[in-house]
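In case you want the letters, here they are:
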Amino acid sequence: MRYLSLGLLLWCGPVFAETTTRTFLDEHAGASDDGKRYLLSFLQGVIAGYTWTNVSLKREGLTPLYCLNSNGARDLEKPVRMLKRASTADITLLDRPVGMAVLMLLKKRFPCR
């Protein structure tokens, strides 16, 4: 029985529990004010994680994921709006996990040159 359980555990593929960008934006559109604040906080947390990753990469002498320009900080203050605009321009983002869509957006909007 132990080997069967271990085999099943190893056989299971990766699981993606993160919501798609489409679902995230739909939930945001229909959310209460508290719900919108919660969803905004989630996006801000994702962006903060990528920002700390950039700090770590720069410290190690590696290329960062993205490089903010002079308007970058202002754009990041409204991440839901930024995500809506990006998914309108590139509808493939709608079917991606929201965290991945944010990273793709940041890399495209703020490339490192």
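Our subject is the structure that appears above.
Numbers given to residues run from 1 along each chain, matching the order in which its sequence is written. A pLDDT threshold of at least 70 governs which residues receive local features in this predicted model, and a stricter bar of 80 or more applies before side-chain atom pairs are shown or counted, although totals over entire chains, interfaces and linings include all residues. To get the side-chain values, all heavy atoms of the structure are used, and hydrogens and water are removed first.

1. What to know about the side chain of N54
Note on conventions: DSSP H or I runs of at least 4 residues are helices, E runs of at least 2 residues are strands, and numbering of each starts at the N terminus. In this fold, N54 is placed in helix α3 (residues 33-59). N or O atoms within 3.5 Å of each other form a polar contact, as long as, within protein, one can give a hydrogen and the other can take it, and as long as residues adjacent in sequence are counted only when both atoms are side-chain atoms. A polar contact is formed between the side chain of N54 and the backbone nitrogen of L65, at a distance of 2.6 Å. The residues touching N54, leaving out its near neighbours within four places in the chain, are P64, L65 and Y66. Any two residues whose heavy atoms approach within 4.5 Å are treated as being in contact.

2. Some remarks on the state of the cysteines
Count a disulfide wherever a pair of cysteine sulfur atoms falls within 2.5 Å. This structure, assessed with the given rule, holds one disulfide. Two residues share a disulfide in this structure: C67 and C112, whose sulfurs sit 1.9 Å from each other. Between C67 and C112 the disulfide shows an S-S torsion of about 100 degrees. By sign, it is right-handed. Of the two residues, C67 sits in the loop between α3 and α4 (72-76) while C112 sits in the segment after α6 (98-109), which places them 45 residues apart along the sequence.

3. A look at helix α5 (residues 79-89)
Using a 1.4 Å probe on the protein chains alone, a residue whose accessible area is under 20% of its type maximum counts as buried, one over 50% counts as exposed, and one in between counts as partly exposed. For α5, every residue scored as buried is listed here: P79, V80, M82, L83, A86 and S87. Down the axis of α5, the sector holding all buried residues measures 160 degrees, keeping them to one side. The exposed residues of α5 that point more than 90 degrees off its buried face are R85, T88 and A89. As for α5, its buried residues are in contact with α2 (21-30), α3, α4 and α6. Read the arc as the range of directions from the helix axis to the C-beta atoms.

4. Examining the environment of R22
As for its placement among the helices and strands, R22 is situated in helix α2. Judged by relative accessible area, which is 37%, R22 ranks as partly exposed. Distance from R22 to R96, taken between C-alpha atoms, is 8.2 Å for residues 74 residues apart in sequence. Those residues in contact with R22 that lie beyond four places of it in its chain are L94 and D95.

5. Focus: the packing of aromatic side chains
What counts as a ring pair is set by centres within 6.5 Å for rings of Phe, Tyr and Trp (its six-membered ring), and what kind of pair is set by the plane angle: stacked under 30 degrees, edge-to-face over 60, tilted for all other angles. Scanning the model with the defined rule gives one aromatic pair in all. Ring centres of F24 and F42 lie 6.2 Å apart, and the angle between their planes is 40 degrees; this geometry places the pair in the tilted category. Linking F24 in helix α2 with F42 in helix α3, this pair joins segments that are 18 residues apart in sequence. Among the residues examined, F24 registers a relative accessible area of 1% and is labelled buried.

6. Re α2
Of all the residues in α2, the buried ones are T21, F24, L25 and H28. Taken down its axis, α2 places every buried residue within 95 degrees of arc, on the same side. Away from its buried face by more than 90 degrees, α2 exposes D26 and G30.

7. Some remarks on the side chain of S87
Here S87 shows up in helix α5. Since its relative accessible area comes to 5%, S87 is described here as buried. If near-sequence neighbours (up to four positions away) are discounted, S87 is found in contact with L25, L93 and L94.

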